[in-house]
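Report on the structure
Chain by chain, the residues:
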Amino acid sequence: QVKLVESGGGLVQAGGSLRLHCAASVDIFGVGTMGWYRQAPGKQRELVATITPAGATNYAEFVKGRFTIDRDNAKSTVYLQMNTLKPEDTAVYSCWRSGNIWGQGTQVTVSA
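All of these numbers come straight from a predicted model, not from anything done at the bench.

1. Points about the pairing of strand 9 (residues 91-97)
Of all the seven residues making up strand 9, six are buried; the element is thus mostly covered by neighbouring parts of the structure. Where strand 4 (residues 34-39) lies against strand 9, six bridges are found, and the strand directions are antiparallel. Looking at strand 9, one finds that Gln39 is bridged to Val92. As defined by bridge partners, strand 9 adjoins strand 10 (residues 101-102) across two bridges and the pair is classed as antiparallel. Residue Arg97 lies in a different strand from strand 10, and its bridge partner there is Ile101.

Written out as structure tokens, the structure is:
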């Protein structure tokens, strides 16, 4: 069974940076689009970014220019580099793979 495990969340001040990691239990990166979603308290889950097996990326407007998604197929890992973080970026960030596969989520908290 495929399993996605996130890490790298935490508490950071506004303007700071974090790098999230998502590791797959099996080597699936060659066939699956990967991505990150987030859900803030009281809000719906929303797409943050996706990356195809070929490396094509897509970003939500609210993170363009601040966040970067990339993947290392040899390590079966996808990353989300988050710069210039804002308090409104506070949420649980979840890794996703096409086929409705989800990680357990990692908390990101940005203090003002």
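There is more to say after this.
2. Some thoughts on the state of the cysteines
Applying the stated rule across the entire model yields one disulfide. Here Cys22 connects covalently by a disulfide to Cys95, the sulfurs 2.0 Å from one another. On the sign convention where negative means left-handed, the S-S torsion of about -85° between Cys22 and Cys95 marks this disulfide as left-handed. Residue Cys22 is found in strand 3 (residues 18-24), and its partner Cys95 is found in strand 9; the two are separated by 73 residues along the sequence. Cys22 gets classed as buried once you look at its relative accessible area, which sits at 0%. Judged by its relative accessible area of 0%, Cys95 is buried.

3. Re the packing of aromatic side chains
Taken as a whole and judged by the stated rule, the model has two aromatic pairs. A centroid spacing of 6.0 Å and a plane angle of 65° characterise the contact between Tyr37 and Trp96, whose relative ring orientation is edge-to-face. A residue pair is termed long-range when its members are at least 10 positions apart, and Tyr37 in strand 4 and Trp96 in strand 9 qualify at 59 residues. Given a relative accessible area of 16%, Trp96 falls into the buried group. Ring centres of Tyr37 and Trp102 lie 5.0 Å apart, and the angle between their planes is 65°; on these two criteria the pair is classed as edge-to-face. Residue Tyr37 is found in strand 4, and its partner Trp102 is found in strand 10; the two are separated by 65 residues along the sequence. Take Trp102: its relative accessible area is 26%, and that puts it in the partly exposed class. Grouped by ring-pair contacts, the aromatic residues Tyr37, Trp96 and Trp102 constitute a single cluster. Positioned above the aromatic ring of Trp102, the side-chain terminus of Arg45 is 3.8 Å from the ring centre.

What counts and how
Here the residue index of a chain counts from 1 through its sequence in written order. Owing to the predicted nature of the model, reporting of local features is limited to residues with pLDDT of at least 70; listing and counting of side-chain atom pairs is limited to 80 or more, with chain, interface and lining totals taken over all residues. Excluded from the side-chain calculations are hydrogens and water; all other atoms, namely the structure's heavy atoms, are used. Only protein chains enter the accessibility calculation, which uses a 1.4 Å probe; a residue whose area is less than 20% of its type maximum is buried, one above 50% is exposed, and one in between is partly exposed. Runs of H or I in DSSP of at least four residues are treated as helices and runs of E of at least two as strands, each being numbered from the N terminus. Here a strand pair is declared whenever DSSP counts at least two bridges between the two strands. Our working definition of a disulfide is a cysteine sulfur pair at a distance within 2.5 Å. Any Phe, Tyr or Trp ring, taking Trp's six-membered ring, that has another such ring centre within 6.5 Å forms a pair; planes under 30 degrees apart are called stacked, those over 60 apart edge-to-face, and the others tilted. Charges are assigned to positions over rings by a cutoff of 6 Å between ring centre and Lys NZ or Arg CZ, combined with an angular limit of 35 degrees from the ring normal.

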